[in-house]
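# Per-entry structural report
Now for the letters of each chain:
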Amino acid sequence: VSISDDRQYAWENARRFSGYVKRMHFLVNQLLRSTVPENLPPSVLTALKGITVDLTQVAETLAVYKHKSKIFVLINCLELCASLHERTLAIAAWLALLGSAVQDDGIPDLQNKIADLSRDMKQAHFRVNFLFNLHLIIVYFMTSKSCFYSMCFWPLSCSLFLSF
């Protein structure tokens, strides 16, 4: 999941998830700058490994959808939302573990910021936007030279032409 530019995703839910990743990146960097990694408690290391695994799964999922056609994304949007939601909840749980294990000695409010992000991710709802999906369908069929487009819209366009 790229944290450099969340505008690369045409899909709103992926952009929202990217926003969470940016916040997480900032917090993990603060944590790692505050102490030597070898001195981190085992629970912190476990949480970081768990976050890494879940982020890798999200990145793999988004990569599959990013390189597919818009109609493929449309057909599978509920599955994609469910997968994104599941991984978001898993990462939120890892963040809760991380927040409880982090000592707030070197960085003021680090525990609070981690807890806030964990809460926000637990409350995230990834929805399928009907109007966006309708837009994708229209754009796909208007730009497609498929046989299906011809069969569906040619009679309609002929009847409109003949009615004038």
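Structure first, text after, so check above.
Residues numbered from 1 in each chain as written. Predicted model: local features only at pLDDT ≥ 70, side-chain atom pairs only at ≥ 80, totals over all residues. Heavy atoms only, no water.

## What to know about the nonpolar core
Formed by 33 residues in total, the largest nonpolar core has its most connected members in Phe-17, Met-24, Val-44, Leu-95, Leu-98 and Met-121. Every element with two or more residues in this core is listed here: helix H1 (12–34), helix H2 (42–66), helix H4 (77–101) and helix H5 (110–122). The residues contacting Met-24, other than those within four sequence positions of it, are Ile-51, Leu-55, Ile-91, Leu-95, Leu-117 and Met-121. (Core = buried A, V, L, I, M, F, W, Y, C linked by side-chain atoms within 4.5 Å. Buried < 20%, exposed > 50% of the residue type's maximum accessible area, 1.4 Å probe, protein only. Helix = DSSP H or I, 4+ residues; strand = E, 2+ residues; numbered from the N terminus. Contact = heavy atoms within 4.5 Å.)

## A closer look at H4
With 25 residues, H4 should reach 36 Å at 1.5 Å per residue; the first-to-last C-alpha distance of 36 Å fits that figure. When H4 is considered as a whole, its buried residues turn out to be Cys-77, Leu-80, Cys-81, Leu-84, Arg-87, Thr-88, Ile-91, Ala-92, Leu-95, Leu-98, Gly-99 and Ala-101. (Expected span 1.5 Å × (residues − 1).)

## Here we look at empty space enclosed by the protein
Scanning all chains against the criterion turns up 1 cavity of 30 Å³ or more. In this structure, the largest cavity occupies an estimated 40 Å³ of space. Every residue lining the largest cavity is listed: Met-24, Leu-27, Val-28, Leu-31, Leu-95, Leu-98 and Ile-114. Elements with a minimum of two residues in the lining of the largest cavity: H1 and H4. Residue contributions to the lining of the largest cavity peak at 4 residues, all from H1. A breakdown of the residues in the lining of the largest cavity according to their chemical character gives 7 nonpolar, no polar and no charged. (1 Å grid on protein atoms, 1.4 Å probe; cavity = no way out; pocket = protein on both sides within 12 Å on 5 of 7 lines; lining within 4 Å. Points joined across faces, edges and corners; volume = space filled by probe spheres on them. Nonpolar A, V, L, I, M, F, W, Y, C, P; charged D, E, K, R; others polar.)

## Quick look at the environment of Ile-51
In this structure, Ile-51 sits in helix H2. Residues Ile-51 and Thr-88, 37 residues apart in the sequence, show an inter-C-alpha distance of 9.8 Å. Once you skip the residues sitting within four places of it in the chain, Ile-51 turns out to touch Met-24, Ile-91, Trp-94, Leu-95 and Leu-98.

## Topic: the side chain of Asp-54
Mapped onto the secondary structure, Asp-54 falls in helix H2. Classification of Asp-54 by relative accessible area gives buried; the value is 5%. Contact partners of Asp-54, with chain neighbours within four places excluded, come to Arg-87, Ala-90, Ile-91 and Trp-94.

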